[in-house]
Structure formats: C-alpha cells, structure tokens
Amino acid sequence: MKRLIGVFMAVCFSIALFAENGHNLWLRNKSNNPVNIVSKKSSATLAIAKEELQQGWLGEANSTVTLLVKQDKTIKGDGFKLTTNNIQANTDLGILNGVYELLRRQQTGEAIQDAVINPSYELRLLNHWDNLDGSIERGYAGLSIFWRKGDDAFKVTETDKQLWKEYARANASIGINGSVLNNVNASPDMLKKETLERVKAIAEILRPYGIKTYLSIKFSSPAMIGGLKTSDPLDPEVITWWKNKVKEIYSIIPDFGGFLVKANSEGQPGPQDFGRTHADGANMLADAFKPFGGIVMWRAFVYSPSTEDRAKQAYNEFMPLDGQFRDNVIIQVKNGPVDFQPREPFSPLFGAMKKTSVMPELQITQEYLGHSTHLVFLSTMWEEFLKSETYQEGSGSTVARCTDGSIFPQKHTAIAGVSNIGLDTNWCGHHFAQSNWYAFGRLAWNDQLTSKQIADEWIKLTFNQTSSDNSKQPLFSPDWIVNFLNPVEEIMLESREAAVNYMMPLGLHHIFAGDHHYGPGPWYAPKGLRSDWTPPYYHKADSDGLGFDRSPTGSNAVSQYHEPLSSQLADPKTCPEIYLLWFHHLSWDYKMQNGKTLWDEICYRYDTGVQQVRDYQKEWDKAEPYVDSQRFGEVQSKLREQCKNAQIWKDACLLYFQQFSKRPIPYDIERPVNVLDELIKKDMKRH
Ligand code: GCW
C-alpha cells in the first residue's frame, strides 16, 4: 500500500512538473481552503477581492477575514492597513491591493505584520508601444493584445475580453493602476470614434481591477483628422478642437486617465513646429483635461542632430521651462540621458526640475538588452537608478525620493514602464521576462524594495510546486531552496551586470547594430545617416583611446549634475568605473583601479560576461528536476542562444576596438571564435 501511495504521489508530482506554458504568470496558486469573508460594502472591485481570497486562501482554514472601507488619515491613495486577517482601506481598490498583498505573503511565506502599506507613486503605469495594426514597436512577444488589423479589428470578442481580464488581474496583483494603450509614435486615428469605442470596451474590463486607461496622441491630430488648417496650440480653433475631443472621450470613458505625448522628438510633430514651447503644448492639453481631473504626461525624450552632445539636450530644453507647466502636467523622463541603454547614469533632470511633476520612464521591453532572447532581470538596473544620489537637496536626494513626493511637493507622482507584453502564450516571450513586468509593478508600488526581495518573491510564486491537495501553505523544502531558489536568484541578480559585461562595459553605450538594437555594431555608420544614430558617435574609438569626453574638456555634460557629483564625475580618478567611458575619453593604457590597463580591462570584462552566461547554462541544467519540462526546455534553449550571442558581442567588440588599440587580447582569456569581417558583412541582422 505504502508503495502504491508512493507511486501515486510520484505520478502526481511528475504531472505537476510536466508542462506549464507560463500563461498563469506569478498567479498559479489555487486553493480549496475555506475562508469566511466579512464585508459590508459591495462593488465590482470588492467582488474580485473576495473571489481572490476564496480561490487563493492559504491561511488557517475557516478563518474570518474582514474587508473594511473606512477613511483613515494614515492610509494614502489606494494603500491599505493590513493585520493578520483584516484589511482596511480608503477605497475599494485599496482593499483589492491589500488582498493581493496578503495572498502573496501567504504564498511566499513572508510574515504578515500589522502595517499601513502605502504606494510610493500615485500613478503606476504601463506604456504600451502598440500600434493600431497590431504590431508593437520594440515588442518581442508577438502582436498586440489590444489592437489588430483585418475585418474584425474593432470587434470585441469573448477571447479579447478574457485576455484583457487576465491582463488586468496580473497588473492589479502587483499594484499597476494605469495603462497607456498605444504607441507614443501615435496614429491620429487613435482619436476616431471607432477606436474610442474599443478603448471603452477595454476600460470596462480594466476598471474593476482599478486600472485606468490612457492614450498616446499625435500632436497634429487637429489638422490630420479634425479638418483644421493648423495644430498650433495657441490657435483658438485648435484649443476648442482638443476641448471637444477630451469632452467626447469622457462621455465614452468616464474615468479616462489622460494623454501621453511624444512631441518634437524623432520626427513627431509638436508645438515647436509652430514656434511654441513644450509648455505651450502641454498646458493647452492640460486645460482641456482640467474639468475632468485628467492628466497630460509630456515626454522629455527630445534630441536633434545638432553638434550638441545628445546626452545634454533634454536638460537644455526642459530646464528653462521648470515652473511653467500646469499642475496636471507630468514630465516623463527616461531613466538615462540617452536611451534605455544597458547602463546609463541617471538623467540630470531628476531632482533638477523642482517646480514640476517629473516621472521616471523605464523600459521593461528589452530593446537594448537582448530582446526576449536574453535572460536579464532588470530590477537591479532600476534599483540602481532609483537609489542614485542626485544631491539636489543635500545627500539622501535619491532619484526615488526626488520623484515620489518625499522631497518636492509634486501635485502628482508617477512612474511608467514600457511594456513587454504581447500575444505570446507566456505574455513576454521569455519566461524570465515576466519577472521584469513583475519587478516594475513591485518597485512602482514600493521604490525602496530590493531586487533580492523581488526576485525571491517572483521565483517562489512562479516556480514553486504547490502541494497536490492545493490546500496547504506551500512548503519550500531545504532542497528546493538550496538547489533551485538560491542559484536561480543568483542568476537573476547578476544577469544585468553580465549583459553589461558582454555588451557595453565601463560606460560604453549605444554600440548596437543597425536599428534593431539587438547585436553589436560598433562599426555601423552608413553614409548619410545622422551621426547620433551611429555607434562611432558614442564610443569615439581612435588610436589614442576610447570613450565620450563629457568632462569640462569635452561636452561638459557633467555640469548638468549637482555638486559634489558633478566634480566627482568630471575626474576619471573619482568617476565610478561603471560610468568611466560614458564621461571620459581615455588612453588604451589608462591605469584602472585594479592596476590593469583600460584595454586589458575591457577584454576581461567582455570575457567575464561570456563566462557568466555559460555558467547560467550549467546552473539552469542543474535545475531541471525542479521545473516543469516545458518551461525548463524553453529557458534552456533561450540560454543557448544568449551564449552564442554573448560570444558574438565579445568577439565583435574586441576585434573591432583592437584595430585602434593595436594591443593583444590578454593571453589568459579565451580567443575570439568569430571573424570580424564576417560579422560586419552579416551586420548582425536579427533574423
Ligand atoms: O529608443 C527609441 C526607440 C524608438 C522609440 C523611442 C521613444 C517609440 O528606438 O523605437 O519610439 O525611443 O522612446 O520614443
């Protein structure tokens, strides 16, 4: 009998390990454990909160949980007060957030202490770069979940609704409370009636989960679809057109969030086309939103092919406008001054714009970090960014504190992440890319969280095999912790540094091939292309050395940072080595802190990056007994591809830079296995 039970359990266990396609994300838990819920109020949101408790309760069986919507001054926004079996909040959404927190703690085994838990940012948004035809700019996980082309483009099907519901639930479970549904390179058709009707259908599904909808707009819409002669933001007809358009939107979607605008950037139209400023454009739209409580997120991602260092341009353009924006305008600034590179210093606009609401924009989709092929956990990058010291109001003025309302009394606080979600079964293309969606939500909720805690939670939720009767607290066996959780967590926590090593160590940046931004192309400079779209503009390799001189002898971008940071960055001896070649052009023989020459150090870094990914392969193979076969195999094959690619990065960059350094690759590291001319000929086409 005992043997039979053993066999039965082994079968159950192997079935559990057999196949998971990743569609359930970090929400795999189902429990039959009974729980009593007391809640005086009812609403669609509270109904979801109850259902979640009923389906996922892992506390003591038959416990009573009280959900109480009651004002409490210590609770902010959609935060909540949590005690073992009670959740109190000012809003229904606060209750739902509390339920997800409680269930997560039960599932990960984290203690449930009495606490008021408030979000760091008021608005925690995903930005989808989805186009109306269903394609996604910089999307690597299939087509859009919102838009498609074809005869049924605007038909709302049951399948659509189911997927949007799953999407809303996943977001709500990590505290995301808004979605911009379309690309910042926006089509004017976004504002047409039939499109707005589809937005309405999406909003209806997202609403009970507390997620507001927002749209990106094209600034020239009044002329393009409104029949006006101009889109000048100071023209009375244009002002009226936008007012009416916003009114129309609210008549269709009463809780609409607002607009996201990319203007006078990379060829998009904007107020400057009419001799007006960003403030003129943003304020005109903000005024249209005022009666409805909506907001305008205006992007500061601007640069032109001028002789001025690209890294300085956003600051130059926006700083003079500080204090001129309406209080329902938020300036959306990418984390770094150039463009979502594997490593950048923070944008100097953070903390410097003191009279304006400023929100960070992070990129969850891995445009510059190996698309959905490379395993790169981005949380460490965002943590580094949020914890960066700006010194704008003395020490402790981190980017997080400068943007979350701790230092400046911003009317609105917000943070956005460019989504990595598509129609792929596992949503993100790579199982581990789900962790970046998860990490964004968690950091937006609590900007002080560590990546270690986030990775720990995510692995437990995503990979733990729950017990077969699904009713007990999952047990994290010592074996599982030692042989799965710990090594996988280590991989995740190191993975971004590994990518920096094999792609762009020591502050190198933007040395990608062509415009797909996947493989290396330090040589890429087709005749006639704007120089700021070519890698040599950024690496500046020559026979003397390597790197972009942004010190006072060069572009002096360091002057945009507050002292003492500015002086620290200006001197190569005090500039953190991770940013060395971002701020300095140094000779190949420059002595690093460890005594090596710059050239040798670069070689070792590239080689280390390759070795790191090779190690991930070994570690992942060892994890096989702990993962279902489908996800195991899919990650294994992605890691193989990542290794091949890391090797190409190393070979391409070292062989290319060696033409200038004219020094040998240190003899104790692996030799290149690719030929530079062939790599250049292929030009690293993605497919
Ligand atoms: O990094 C660049 C991307 C563009 C993107 C742009 C932006 C949406 O290559 O694809 O356009 O940034 O952020 O506006």
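Below is a summary of the structure that appears in this document.

Parameters at a glance
Residues numbered from 1 in each chain as written. Predicted model: local features only at pLDDT ≥ 70, side-chain atom pairs only at ≥ 80, totals over all residues. Heavy atoms only, no water. Near = heavy atom within 4 Å. Polar contact = N/O pair within 3.5 Å; in protein donor to acceptor, adjacent residues only side chain to side chain. Nonpolar A, V, L, I, M, F, W, Y, C, P; charged D, E, K, R; others polar. Phe/Tyr/Trp six-rings, centres within 6.5 Å; stacked < 30°, edge-to-face > 60°. Helix = DSSP H or I, 4+ residues; strand = E, 2+ residues; numbered from the N terminus. Buried < 20%, exposed > 50% of the residue type's maximum accessible area, 1.4 Å probe, protein only. Pairing = 2+ DSSP bridges. Axes fitted to C-alpha atoms, helices over the stretch in contact; angles between N-to-C directions. Contact = heavy atoms within 4.5 Å.

1. Topic: the site of the ligand
Thought 1: Near the ligand there are 15 residues, and of these Glu-137, Lys-262, Lys-334, Asp-339 and Glu-367 occur at the shortest range.
Thought 2: The side chain of Asn-185 places a nitrogen or oxygen atom 3.2 Å from an oxygen atom of the ligand.
Thought 3: The separation between an oxygen atom of the ligand and a polar side-chain atom of Lys-262 is 2.6 Å.
Thought 4: Residues that form the shell around the ligand fall into these classes: 4 nonpolar, 3 polar and 8 charged.

2. Observations concerning the packing of aromatic side chains
Thought 1: Using the criterion set out here, one finds 40 aromatic pairs in the structure.
Thought 2: Measuring from centroid to centroid gives 5.9 Å for Phe-80 and Trp-445, while their planes differ by 25 degrees, and the two rings are stacked. Remark: Trp-445 occurs in helix H12 (residues 434–445) and Phe-80 occurs in strand S3 (residues 80–83); sequence separation between them is 365 residues. Just as Phe-80 is buried, Trp-445 falls in that class too.

3. Remarks on the sheet that holds strand S2 (residues 63–69)
Within a sheet, each strand pairs with its neighbour through backbone hydrogen bonds, oriented either parallel or antiparallel.
Thought 1: Here 5 strands make up an open sheet; going across it, the order is S1-S2-S4-S3-S5 and the pairing mixed. Looking at which strands have only one partner, the edges of the open sheet turn out to be strand S1 (35–39) and strand S5 (115–117). Between one strand axis and the next, the sheet turns through 20 degrees on average, direction left out of account.
Thought 2: Inspection of the sheet shows S2 paired to strand S4 (residues 86–89) by 4 bridges, in the parallel sense. The residue of S4 that forms the bridge with Thr-66 is Asn-86.
Thought 3: Along the sheet, helix H2 (residues 44–56) makes contact with S1 and S2, crossing S1 at roughly 165 degrees.

Purely geometric numbers; function is a separate question.
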